[in-house]
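# Structural description and commentary
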Number of protein chains: 2
Amino acid sequence: MAGGVGSRFWPFSTNKQPKQFLDFLGTGRSLLRMTFDRLEGIIPTENIFVVTNKYYKEQILQQLPELSENQVLLEPLRRNTAPCIAYATYKIYKMNPSAKLLVLPSDHLITNEKEYTKVINAGLDFISKEDVLLTLGMKPTRPETGYGYIQMEMGSSNLRKVKTFTEKPNLEMAKIFVSMGDFVWNSGMFLWRADVIIKEFEKYLPELADKFESGNDVYNTVEEQLFIDKIYPLCQNVSIDYGIMEKSSNVYVMQADFGWSDLGTWNSFYDISDKDGNYNVVNGNSLLYDANNNIVILPKGELAVVDGLDGYLIARNNNVLLICKRDEEAKIRQFVQDAEEKFKDEYI
Amino acid sequence: MAGGVGSRFWPFSTNKQPKQFLDFLGTGRSLLRMTFDRLEGIIPTENIFVVTNKYYKEQILQQLPELSENQVLLEPLRRNTAPCIAYATYKIYKMNPSAKLLVLPSDHLITNEKEYTKVINAGLDFISKEDVLLTLGMKPTRPETGYGYIQMEMGSSNLRKVKTFTEKPNLEMAKIFVSMGDFVWNSGMFLWRADVIIKEFEKYLPELADKFESGNDVYNTVEEQLFIDKIYPLCQNVSIDYGIMEKSSNVYVMQADFGWSDLGTWNSFYDISDKDGNYNVVNGNSLLYDANNNIVILPKGELAVVDGLDGYLIARNNNVLLICKRDEEAKIRQFVQDAEEKFKDEYI
């Protein structure tokens, strides 16, 4: 899944080049490319499909030149994760009804790739035998309020039935969740077989299922795009979590611990980043004086000179400079809206 | 005089393009060009000479295409204002010993050009008759601590003998100066005849005078540059103020009031600039939230989004972003030094 806009990281990410396409950690590879590379040895390249917005087709093919055009699924507009996953599922079902699907966001960070490989292989093994939905739950390392949590049924196994999904908790609640031991972070990574998830679509999102079933004759033909362009605007805007996962009684969670972050906010980026002696996260050349707890992100080759700031986010990209308090990063969406209202698409 | 580096305005000004070459006020003209244009009707174009560093020759000729190469005097290295003025003086003396000289910095701001013209013409008239040094003193409008002050002898005329030159005062002292009425700001603009100032050079800076006199045969010939390149490094690094003005007993000051600023600091720039409702000076597109008393200077076309800053300087140019407290702008020279030490000439 690589169709998101990532406006929370504006101006570092923009409509034209959202988060998944950026070399977020300065490693020389984008998050998308890192996600792709991580699948080496797990999924054959020809079995990797990317669903994205039409607008990003060229960027996908440029960053993942190994893919053929048929492996890049183009949404004419954004409709959240349920239609996105339905599209890929029905298309792949047509090729192989019992195909095992691994559904991944393209913009997450994973630091322990060996463990990741082990977990994914165990998950694929499980869903090849069981007609269930499997989600990956991350062992919580701190009372994070930026993630949803999944409560597992009692037991000692790393693989258990899901008891409940919960929304993002407040700090007090998050502390309780972490202390209880049966709560894990909802990572948004899923495993299931095509035939299994299609039954769930039919049960919980029947209208959506009907629409995508009606294309069974055109998937993997030249008419596919035209069909998708026609039905996509009619699809309900709904997430797979809300549409299926939270309703189905057939969901398992595999508890995993492979150094995961959804990189959903600047603060999550701050948490996972190396810091200098004054707790600043800086991505390039800098001269910092009396500066603590800041994030300073500039385009490559630029110099930041900062004196007298504590707890700020300083982010520059393209033609925009953003300076705000780190703990008010929730305002960034508002900034983007205001920029759009005042300056049209000049800066977003 | 157009050879300064203006590191106080870094990164807006840089070694490669110092303050005088910049369109500082977004008017479409550089300070140098504005200084040149201001002389129209006062000094014939062929009588305008610019002294600058060799490095800036092309920039001068580009911004002032009316000048011939002989009107651009090139210093091989910086030696402060006394050698700079001596060079121009001896060269011009060779053309016309009684030439009236108007000595001007190229990077000051003047807002009332009509009054300026009147004052300069009155000054030129005065020095054509009197064998004196004349300096322009600006009627102080506030207890500015960034300027030197000149005390005039008692009297009621706008043109009086100088009693003393003073260094930049502290605020308390500056308030006293302003209240007394006989103190004016030292603007660094001078008028005198070539024969008169040469006598002063001989008296107060005899070594310097000797050096430049020894070139009397080569000024305005093809050998001039070679001669200058040879003697300039041997010249004492001294200002005209310290070397002559403060020592001579032959100095008059003409009190003037034509909306002058030396634009010597970001705060002087702040003072003369238009402000928004929250006392921010912003030179381009911006979205400001909870932001007061700031200076925000970005390259044309860029957007600044600032939330939660009071009294800061935010300046971006080329590949450098500077953020510091406005009242600590004196540190900027240190920043420049540190940048040079750490990154060589990449950013300065």
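Residues numbered from 1 in each chain as written. Chains lettered and ligands numbered in written order. Predicted model: local features only at pLDDT ≥ 70, side-chain atom pairs only at ≥ 80, totals over all residues. Heavy atoms only, no water.

### Some details on the packing of helix H6 (residues 194-204) of chain B against helix H7 (residues 206-213) of chain B
All names here are of chain B. Applicable threshold: Axis definition: a line fit to C-alpha positions, over the contact stretch in the case of helices; interaxial angles, taken between N-to-C directions, run 0 to 180 degrees. Helix and strand labels come from DSSP, where a helix needs a run of H or I of at least four residues and a strand needs a run of E of at least two; each type is numbered from the N terminus. Working definition: roughly parallel below 35 degrees, roughly antiparallel above 145 degrees, roughly perpendicular at 65 to 115 degrees, and oblique for all remaining angles. Whether two residues are in contact is decided by their heavy atoms: any pair within 4.5 Å suffices. Each residue gets one of three labels, nonpolar for Ala, Val, Leu, Ile, Met, Phe, Trp, Tyr, Cys and Pro, charged for Asp, Glu, Lys and Arg, and polar for the others, Gly among them.
Running from N to C, H6 and H7 cross one another at 125°; their axes reach a closest spacing of 5 Å. Relative to H7, the element H6 is oriented oblique. Contacts from Phe201, Glu202, Lys203 and Tyr204 in H6 reach Pro206, Leu208, Ala209 and Glu213 in H7. Looking at side-chain class alone, the contact of H6 with H7 contains 5 nonpolar, no polar and 3 charged residues.

### Describing the sheet that holds strand E13 (residues 295-297) of chain A
Selection criterion: Two strands pair if DSSP finds at least two bridges between them.
One open sheet holds the 6 strands; their spatial order is E11(A)-E13(A)-E15(A)-E16(A)-E14(B)-E12(B), and the pairing between them is mixed. Two strands close off the open sheet at either side, each with one partner strand: strand E11 (281-282) of chain A together with strand E12 (285-292) of chain B. Pairing geometry for strand E15 (residues 312-317) of chain A and strand E16 (residues 320-325) of chain A, over 6 bridges, is antiparallel. When the bridges of E16(A) are listed, Tyr312(A) appears paired with Lys325(A). Contacts from helix H11 (residues 332-343) of chain A reach E15 and E16 of chain A together with E12 and strand E14 (303-310) of chain B within the one sheet, and its direction differs from that of E12(B) by about 135°.

### Considering the interface of chain B and chain A
Short version of the rule: The quantity reported as buried area is the accessible area (1.4 Å probe) lost by two parts once they are put together, taken as the sum for both. By definition, a salt bridge exists where a carboxyl oxygen of Asp or Glu is found within 4 Å of a side-chain nitrogen of Lys or Arg. Here a polar contact is recorded for every N or O atom pair within 3.5 Å, except that within protein the pair must consist of a potential hydrogen donor and a potential acceptor, and residues adjacent in sequence are included only if both atoms are side-chain atoms.
Taken together, the contact pairs 35 residues of chain B with 35 residues of chain A. Contact with chain A buries area across many residues of chain B, yet Leu303(B), Asp307(B) and Leu321(B) alone supply 22% of it, more than any other trio. The tally of links between chain B and chain A comes to 4 salt bridges. For Asp307(B), the salt bridge goes to Lys331(A), with nearest N and O atoms at 2.7 Å. Linking chain B with chain A are 22 residue pairs in polar contact (both at pLDDT 80 or more), by the criterion used here. Of all elements in the fold, only E12, E14, strand E15 (312-317), strand E16 (320-325) and helix H11 (332-343) of chain B reach the threshold of two or more residues within the side of chain B that touches chain A. Among the elements that line the side of chain B that touches chain A, the one with the most residues is E14(B), at 7 residues. Broken down by class, the residue content of the side of chain B that touches chain A amounts to 20 nonpolar, 6 polar and 9 charged. The pairing of strand E14 (residues 303-310) of chain A with E16(B) spans 4 bridges and is parallel. Each residue of the ladder has a partner; that of Val305(A), found in E16(B), is Leu322(B).

### Topic: the relation of the copies chain B and chain A
Let me state the cut-off plainly: Residues below a pLDDT of 70 in either copy are left out; the C-alpha atoms of the rest, at least 70 in both, set the least-squares superposition of the copies.
Between chain B and chain A, the superposition needs a rotation of 179° and an axial shift of 0.2 Å, giving an RMSD of 0.2 Å. In symmetry terms, the pair is related by a two-fold rotation axis. Comparing interface residues between copies, 100% of those in chain B also lie at the interface in chain A; the contact surface is shared.

### So, a nonpolar patch on the surface
Residues and elements named next belong to chain A. For the record, the criterion: Patch membership requires more than 30% relative accessible area and the absence of a salt bridge. Residues of like charge join within 9 Å; the nonpolar side chains Val, Leu, Ile, Met, Phe, Trp and Tyr join within 5 Å. Methods summary: accessible areas were calculated by the Shrake-Rupley approach with a probe of 1.4 Å, and residue burial reflects only the protein chains presented. Partly exposed describes any residue whose relative accessible area lies between the buried limit of under 20% and the exposed limit of over 50%, with all areas from a 1.4 Å probe on protein chains only and scaled to the type maximum.
Taken together, the side chains of Met173, Ile176 and Met180 present a nonpolar region at the surface, about 270 Å² in accessible area. Summarising the element assignment, Met173 is placed in helix H5 (residues 171-180). Judged by its relative accessible area of 39%, Met173 falls in the partly exposed class.

### Let's talk about the confidence of the model for chain A
Operational definition: Note on scores: pLDDT gives the predictor's confidence for each residue, bounded by 0 and 100.
Here chain A averages 95 in pLDDT, and 100% of its residues register 70 or above. Taken over the whole predicted complex, pTM reads 0.85, whereas the ipTM for its chain interfaces reads 0.83.

### Concerning the packing of aromatic side chains
The condition is simple: Paired rings are identified among Phe, Tyr and Trp, the last through its six-membered ring, by centres lying within 6.5 Å, and are further divided according to the angle between planes into stacked (under 30 degrees), edge-to-face (over 60) and tilted (the rest). Whether a charge sits over a ring depends on NZ of Lys or CZ of Arg being within 6 Å of the ring centre and within 35 degrees of the ring normal.
Evaluated as defined, the whole model comprises 52 aromatic pairs over all chains. Their ring planes at 85° and their centres at 5.4 Å tell us that Phe24(B) and Phe269(B) sit as a pair that is edge-to-face. Of this pair, Phe24(B) sits in the segment before helix H1 (31-38) while Phe269(B) is found in helix H10 (residues 266-272), placing the two residues 245 residues apart along the sequence. Exposure class is identical for Phe24(B) and Phe269(B). Each is buried. Chaining the aromatic ring pairs together yields one cluster made of Tyr87(A), Tyr90(A), Phe201(A), Phe212(A), Tyr219(A), Phe227(A) and Tyr232(A). Over the ring of Tyr116(A) we find Arg38(A), and its NZ or CZ is 5.5 Å from the ring centre. The side chain of Lys247(B) reaches across the aromatic face of Tyr242(B), ending 3.8 Å from its centre.

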